[in-house]
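Structural description and commentary
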Amino acid sequence: MRIGTIEVETPVLLAPMAAVTDLPFRTIVEDFGVGLTITEFLSADAIQHGDNKTTDKMTASLGGRKFGVQIFGRTDDAMIQAAKLAVSIGASLVDINMGCPAKRVVAGACGSALMREPELAQHLVRIVDEAVGPDIFVSVKHRAGWDSSDLNAPEFACAMVEAGAKMITVHGRTRKQGFTGSSSNEIIRRVREEVPAHIPVVGNGDVTSVQGFLRMREETGCDAVMIGRGALGNPWLFRSIKAVHEGKDDPGLPTVLERYEVFRKHISLIIELKQGAKLVHEVRKAAAWYAKGYRGCNSLRQRIWKLESAEQVLAEVSAYFEDLMSSGSAAA
Ligand SMILES: Cc1cc2nc3c(=O)[nH]c(=O)nc-3n(C[C@H](O)[C@H](O)[C@H](O)COP(=O)(O)O)c2cc1C
């Protein structure tokens, strides 16, 4: 798949997820063969006001890998400044969030609220496109529509493309659904049908397996699939999708040892790349993802939530995995 001149080898993208898809997380899934990662959404207003907590989250992928930055907002100056900052750190893609259903985002008439203001949304795409220059590409991620009576994703996507978007991602739920119910492949199919063929359409929503990836591509004709929740503690999903896409055998699920080793790698990236009081929280979160589904994972989660340093959590989780491996069965 191509976004402008960006070549995406494997047609699977990591979904932006706030407080999840930080640099350590993105690095791990990149190691496992994801096609492209995008930062979590970053408030253009916060960037404009010099909020360090927000700018610190705008991080370039390691090793010169291509990446996107996602921003949200609705005012010209803030969006232009945020987009230029993304370019200055080496982003190849600036994605504009027009899908977030969260009350605090919609209250500011940003995120999915922009689906009800297509002209302003087009204007934002135009000014960001102009700000980033000809070598960097603008994309838009949006939902099926506001609610089931207003499924305007196909027209909306075409309007964004007309304004300059070089890739469209559609999450097949409405704003009203939030994360409830299920994502509709039908609306993604309609978007793919209506958007000009040279612009990639990425389908998103509820894909957690290789079969789900193949089904979404087949049912919608989308050019690539974006995966969010299915990637938590499961970077192997990208390895499997890459292999199957290349016509090879699916290498399948990891062993307990592999899972433990990747957990340790993830933690060492967190310790290397992130500082501050939240470090222990980040380590606890990652531990819970990697242990999920194994015997005793719930009680492990309770134990580590009481520990106060990253080192203590690491020791507890290491003992947990070693116990699983020595007992020969990890089944819950
Ligand atoms: C914890 C969490 C944080 C999210 N943050 C963002 C975000 O920053 N930007 C965005 O466009 N979507 C965000 N999303 C939505 C996902 O990108 C994705 O559209 C949604 O989860 C559906 O895909 P999935 O079923 O593969 O998870 C978030 C979702 C979750 C669960």
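Moving on, we come to the pattern of salt bridges. Side chains that differ in sign of charge can pair as their charged atoms come close. Throughout the structure, instances matching the rule amount to 19 salt bridges. A salt bridge links Glu7 to Arg2; its shortest N-O distance comes to 3.0 Å. Salt-bridge contacts for Asp223 lead to Arg192; the nearest nitrogen and oxygen are separated by 2.5 Å. With Asp223 in the loop between α9 (210-220) and β10 (224-227) and Arg192 in helix α8 (residues 185-194), the pair connects residues that are 31 residues apart, well separated along the chain. Judged by relative accessible area, Arg192 falls into the buried class, the value being 11%. Here the salt bridges do not stand alone but share partners, grouping Asp22, Lys274, Glu282 and Lys285 into one network.

Now for the nonpolar core. Among the nonpolar cores identified, the biggest contains 93 residues, and Met98, Val125, Val128, Met160, Ile168, Ile227 and Phe238 are the most heavily contacted of them. Top contributing element to this core by residue count: helix α12 (residues 279-291), with eight residues. When residues of this core are assigned to domains, at least three fall in each of domain 1 (2-245) and domain 2 (256-327). Ignoring any residue separated from it by four or fewer positions in sequence, one finds Val128 in contact with Met79, Ala83, Val94, Ile96 and Val138. Among the nonpolar cores identified, the runner-up in size contains 13 residues, and Val8, Ala15, Leu36 and Ile38 belong to it.

Right, let's get into the environment of Ala121. The topology assignment puts Ala121 in helix α6 (residues 118-132). Note on Ala121: relative accessible area 0%, which makes it buried. Residues in contact with Ala121, not counting those within four places in the same chain, are Met98, Leu114, Phe156 and Met160.

A word on the side chain of Thr37. Along the chain, Thr37 falls in strand β4 (residues 37-43). Its relative accessible area of 0% is what places Thr37 among the buried residues. A polar contact of 3.3 Å, which involves the side chain of Thr37, links it to the side chain of Arg26.

Okay, the site of the ligand next. Taken together, 17 residues are adjacent to the ligand, and Ala18, Gln70, Asn204, Asp206 and Arg229 come closest. Within the contact set of the ligand, an oxygen atom lies 2.8 Å away from a backbone nitrogen or oxygen of Pro16. Ala18 has a polar backbone atom sitting 2.8 Å from a nitrogen atom of the ligand. Calculation on the ligand without its partners gives an accessible area of 610 Å², and the protein chains cover 85% of this total. Tallied by class, residues from the shell around the ligand come to seven nonpolar, six polar and four charged.

The subject of this paragraph is unusual backbone geometry. For Ala19, which is not glycine, the phi dihedral falls at a positive 65 degrees. In this fold, Ala19 is placed in the loop between β3 (12-14) and α1 (23-31). Of the residues examined, Ala19 reaches a relative accessible area of 47% and is grouped as partly exposed. A positive phi angle, near 60 degrees, is found at Ala109, a position not held by glycine. Exposure remark for Ala109: the relative accessible area of 21% places this residue in the partly exposed category.

What counts and how
- Residues numbered from 1 in each chain as written.
- Predicted model: local features only at pLDDT ≥ 70, side-chain atom pairs only at ≥ 80, totals over all residues.
- Heavy atoms only, no water.
- Salt bridge = Lys/Arg side-chain N within 4 Å of Asp/Glu carboxyl O.
- Helix = DSSP H or I, 4+ residues; strand = E, 2+ residues; numbered from the N terminus.
- Buried < 20%, exposed > 50% of the residue type's maximum accessible area, 1.4 Å probe, protein only.
- Core = buried A, V, L, I, M, F, W, Y, C linked by side-chain atoms within 4.5 Å.
- Domains from an automatic or database assignment.
- Contact = heavy atoms within 4.5 Å.
- Polar contact = N/O pair within 3.5 Å; in protein donor to acceptor, adjacent residues only side chain to side chain.
- Near = heavy atom within 4 Å.
- Areas by Shrake-Rupley, 256 points an atom, 1.4 Å probe, with all protein chains shown as cover.
- Nonpolar A, V, L, I, M, F, W, Y, C, P; charged D, E, K, R; others polar.

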